[in-house]
Amino acid sequence: MISLVNKKKSNLELKKQARQEAGAFSSTHGFGALRMRVRLILLLLLLLSGIFSTPSHAASPEESTQAGTAELANPFSDFVPFEDEYDIDEDERFMYFGRFFAVSMGTGIHKFSGNIGKLYNTAIPVLDFRMIYFFDFRLAGQLGISSASHAFNAAPNGAVDISLFRINADLKYYFDTKNMGAAITSSNPYVVGGVSQTFRTQSFQDHNSVEKDNAFAISGGLGMEFALKPRKTSIGIEGRIHQIFFEDRFTQEYLESGIEDTTGSMYSVITSLIFFF
């Protein structure tokens with residue numbers, strides 16, 4: 001009887017110990033499984049964040065090139081001039097091969113037309129002096145003076161000596177002749193136009209008196225220049241028509257001589273020697 005009781009106690013203790021061991025094992029196994037699940041969840045979150053995160057903007061090759069250019073840019077290298085390459089080349093050619101300044105000394109004739117031409121004789125010689133400044137190969141400006149003497153004899157004033165002194169400002173444009181024949185190219189043709197102020201002195205011999213007046217004038221014409229020494233010396237010839245607006249050009253002062261008024265134009269032909277600097 002006692003042995004049966006002891007045997008049952010021992011069986012109960014063995015079962016209790018087995019339960020404790022099984023519980024310890026299950027708790028240890030459960031904690032390990034929990035850690036594994038946490039790791040899996042973290043790994044999954046990392047993968048999801050990598051998939052759904054916004055990718056950084058990748059610079060295209062052009063943007064990379066522009067960025068590199070912007071980094072290398074400076075206030076001098078990125079300057080864009082107002083002139084294009086053709087204008088710059090023309091300026092450089094003009095600096096090397098162009099003419100900058102010139103002085104002209106010449107002589108020639110003045111001849112009037114119309115009614116005033118019936119009074120005034122042909123003036124020869126005419127003294128002419130000019131200073132010329134070249135803006136480029138084609139365009140030049142000039143300031144000049146000229147002096148000429150005329151005379152006539154007509155009623156009612158008799159013998160009269162006329163002195164004309166002109167101050168003129170002109171623009172000259174040289175034609176582009178590089179694609180033309182050698183004869184035209186060597187002549188350097190140009191067109192000229194300008195304004196002037198003409199100072200007139202009239203000496204009345206029979207009345208022993210002098211009258212002075214002045215008038216505004218416009219002129220235009222054509223000319224040519226032949227090089228004697230390139231870029232050093234040239235000889236030029238120029239023809240112009242002048243319209244001088246004398247105040248008394250509509251008066252009938254010389255009606256006794258059959259001249260209704262003194263309207264008309266003046267023509268000039270000047271030959272000059274030009275020195276370039």
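One structure accompanies this document, and this report is about it.

### With respect to the overall build of the protein chain
Then, in step 1: Helix and strand content of the protein chain: five helices and eight strands.
Then, in step 2: What you see in the protein chain, going N to C, is helices and strands ordered as α-α-α-β-α-β-β-β-α-β-β-β-β.
Then, in step 3: Looking at the protein chain as a whole, 27% of its 277 residues qualify as buried.
Then, in step 4: Considering only contacts within the protein chain whose residues lie at least 6 apart along the sequence, 64% involve residues at least 24 apart.
Then, in step 5: Element-wise, carbon and sulfur atoms account for 64% of the exposed surface of the protein chain, whose accessible area totals about 18,800 Å².

### Structural notes on the nonpolar core
Then, in step 1: Judged by nonpolar contacts, the single largest core of 17 residues is most densely connected at Phe112, Leu119, Tyr120, Phe152, Ile244 and Tyr254.
Then, in step 2: Elements with a contribution of two residues or more to this core: helix H4 (114–119), strand E3 (139–154), strand E4 (158–174) and strand E6 (209–229).
Then, in step 3: With three residues, E4 is the largest single contributor of residues to this core.
Then, in step 4: Excluding residues within four positions of it along the chain, Leu119 makes contact with Ala151, Phe152, Ala154, Tyr254, Ile259 and Thr262.
Then, in step 5: Counting residues in each nonpolar core, the second largest holds nine residues, with Ala102, Phe134, Tyr190 and Ile274 among its members.

### Examining the packing of aromatic side chains
For any pair of aromatic rings, the description consists of the separation of the ring centres together with the inter-plane angle of the planes.
Then, in step 1: By the definition in use, this model includes nine aromatic pairs.
Then, in step 2: Their ring planes at 50° and their centres at 6.0 Å tell us that Phe134 and Phe276 sit as a pair that is tilted. Here the residue Phe134 occupies a position in strand E2 (residues 123–134), and Phe276 occupies one in strand E8 (residues 266–276), the gap between them amounting to 142 residues.
Then, in step 3: A residue is classified by how much of its surface remains accessible, and Phe134, at 3% relative accessible area, is buried.
Then, in step 4: The buried category is assigned to Phe276, whose relative accessible area is 6%.

### Considerations on unusual backbone geometry
Then, in step 1: Residue Pro125 follows Ile124 across a cis peptide bond; omega there is 5°.
Then, in step 2: As for its position among the elements, Pro125 is in strand E2.
Then, in step 3: Each neighbour pair has its own omega, and for Ala155 with Pro156 the value is 10°, a cis peptide bond.
Then, in step 4: For Pro156, the position within the fold is in the loop between E3 and E4.
Then, in step 5: One non-glycine residue, Asn188, lies in the positive phi region at around 45°.
Then, in step 6: In this structure, Asn188 sits in the loop between helix H5 (182–187) and strand E5 (190–204).

### Comments concerning the pattern of salt bridges
Then, in step 1: Applying the stated criterion to the full structure yields eight salt bridges.
Then, in step 2: Linking Glu225 and Lys172 is a salt bridge whose minimum nitrogen-to-oxygen distance equals 3.1 Å. Of this pair, Glu225 sits in strand E6 while Lys172 sits in strand E4, and the two are 53 residues apart along the sequence.
Then, in step 3: Accessibility expressed as a relative area gives 1% for Glu225, which makes it buried.
Then, in step 4: On the basis of relative accessibility, which here comes to 2%, the residue Lys172 falls in the buried class.
Then, in step 5: Between Asp213 and Arg200 there is a salt bridge, with its nearest N and O atoms 2.6 Å apart.

About the thresholds
Residues numbered from 1 in each chain as written. Predicted model: local features only at pLDDT ≥ 70, side-chain atom pairs only at ≥ 80, totals over all residues. Heavy atoms only, no water. Helix = DSSP H or I, 4+ residues; strand = E, 2+ residues; numbered from the N terminus. Buried < 20%, exposed > 50% of the residue type's maximum accessible area, 1.4 Å probe, protein only. Contact = heavy atoms within 4.5 Å. Areas by Shrake-Rupley, 256 points an atom, 1.4 Å probe, with all protein chains shown as cover. Core = buried A, V, L, I, M, F, W, Y, C linked by side-chain atoms within 4.5 Å. Phe/Tyr/Trp six-rings, centres within 6.5 Å; stacked < 30°, edge-to-face > 60°. Salt bridge = Lys/Arg side-chain N within 4 Å of Asp/Glu carboxyl O.

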